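# Breakdown of the fold
Residue strings, one per chain:
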Amino acid sequence: MQVFKNEVDESKGLLLLLQSIKDPVLKEKQWQEIRFYIATEEDPEPLTDLASEEYTIDFILKKGIQTYASEIQNIVLIASKEESLSKSMDCIEVFWKTSTLTVTTYKDQADWYILGNNDDFISKIDDTLLSLDTILGSRYVEGIRARVEVQVKMFRYLQELLD
């Protein structure tokens, strides 16, 4: 009975590994990290053609890839968190592409304009900076750090300009 339980536990671990390898958040960067763990002298560049029918459960077992399951699952976790942060950045960028400042004409001058009431706009800048600081505070930000820092710089400049 114990042997059967051990086999079931191994199968569960293999299924979790397969789910991790199949995760769509994995990009070439993550595949390079995975290859680092599973490369051998006979196969220094494993898993290069992911569409190949060569990569089966039997392949995973023969290569001993399941011994690196926790490392692979950690790589997938980091990729997933980076993807989530990237989507948050995308939402921020989409919102600001459609935002506008309120501008009104100055007295009776048709060619002169001044800023109108932009309290909501300024409030959104504050909210955005808070969101960007939260993203920067995440331990999974490394993949998009430069992108976030550029946005923070831009919004701080805009905030200062409007104050």
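Going by the structure above, here's the rest.
Let me sum up the structure you'll find in this document. For clarity, every value in this text was computed on a predicted model and none was experimentally measured. (Residues numbered from 1 in each chain as written. Predicted model: local features only at pLDDT ≥ 70, side-chain atom pairs only at ≥ 80, totals over all residues. Heavy atoms only, no water.)

A few words on the overall build of the chain. Within the chain, the secondary structure is distributed over 6 helices and 2 strands. Along its sequence from the N terminus, the chain presents helices and strands in the succession α-α-α-α-β-β-α-α. In terms of C-alpha radius of gyration, the chain reaches 25 Å, well past the compact-globule figure of 15 Å for 163 residues. Principal-axis analysis of the C-alpha atoms places the extent of the chain at approximately 90 × 35 × 25 Å. Across the 163 residues of the chain, 27% fall into the buried class. For the chain, restricting intrachain contacts to residue pairs at least 6 apart in sequence, the fraction spanning at least 24 positions comes to 58%. Accessible surface, the chain: about 11600 Å² in total, of which carbon and sulfur atoms supply 55%. Counting 18 positive and 30 negative side-chain charges, the chain places the centres of these two groups 2 Å from one another. (Helix = DSSP H or I, 4+ residues; strand = E, 2+ residues; numbered from the N terminus. Rg over C-alpha atoms; globule rule 2.2 N^0.38 Å. Buried < 20%, exposed > 50% of the residue type's maximum accessible area, 1.4 Å probe, protein only. Contact = heavy atoms within 4.5 Å. Areas by Shrake-Rupley, 256 points an atom, 1.4 Å probe, with all protein chains shown as cover. Lys, Arg positive; Asp, Glu negative; His and termini not counted. Charge placed at Lys NZ, Arg CZ, Asp CG, Glu CD.)

For the α-helix, the turn length of 3.6 residues means that residues three or four positions removed from each other point alike. A rise of 1.5 Å per residue sets the reference length of helix H4 (residues 69-97), with its 29 residues, at 42 Å; its end C-alpha atoms lie 42 Å apart and thus fit the reference within 8%. Within H4, burial applies to Ala 69, Ile 72, Ile 75, Val 76, Ala 79, Glu 82, Leu 85, Ser 86, Met 89, Ile 92 and Trp 96. (Expected span 1.5 Å × (residues − 1).)

Let's shift gears to the side chain of Thr 128. Checked against the element boundaries, Thr 128 lands in helix H5 (residues 119-137). Here Trp 96 takes part through its side chain, which lies 2.8 Å from a polar atom of the side chain of Thr 128. (Polar contact = N/O pair within 3.5 Å; in protein donor to acceptor, adjacent residues only side chain to side chain.)

Going through the model one piece at a time under the given rule, you end up with 6 aromatic pairs. Judged by centre distance (5.6 Å) and plane angle (75°), the rings of Phe 36 and Tyr 37 are edge-to-face. Given a relative accessible area of 67%, Phe 36 falls into the exposed group. Tyr 37 gets classed as partly exposed once you look at its relative accessible area, which sits at 31%. Here Trp 96 and Phe 155 contribute two aromatic rings whose centre-to-centre distance is 5.1 Å and whose plane-to-plane angle is 55°, an arrangement assigned as tilted. You can see Trp 96 sitting in helix H4 and its partner Phe 155 sitting in helix H6 (residues 145-162), a full 59 residues away along the chain. Among the aromatic residues, those joined into a ring-pair cluster are Phe 95, Trp 96, Phe 121 and Phe 155. (Phe/Tyr/Trp six-rings, centres within 6.5 Å; stacked < 30°, edge-to-face > 60°.)

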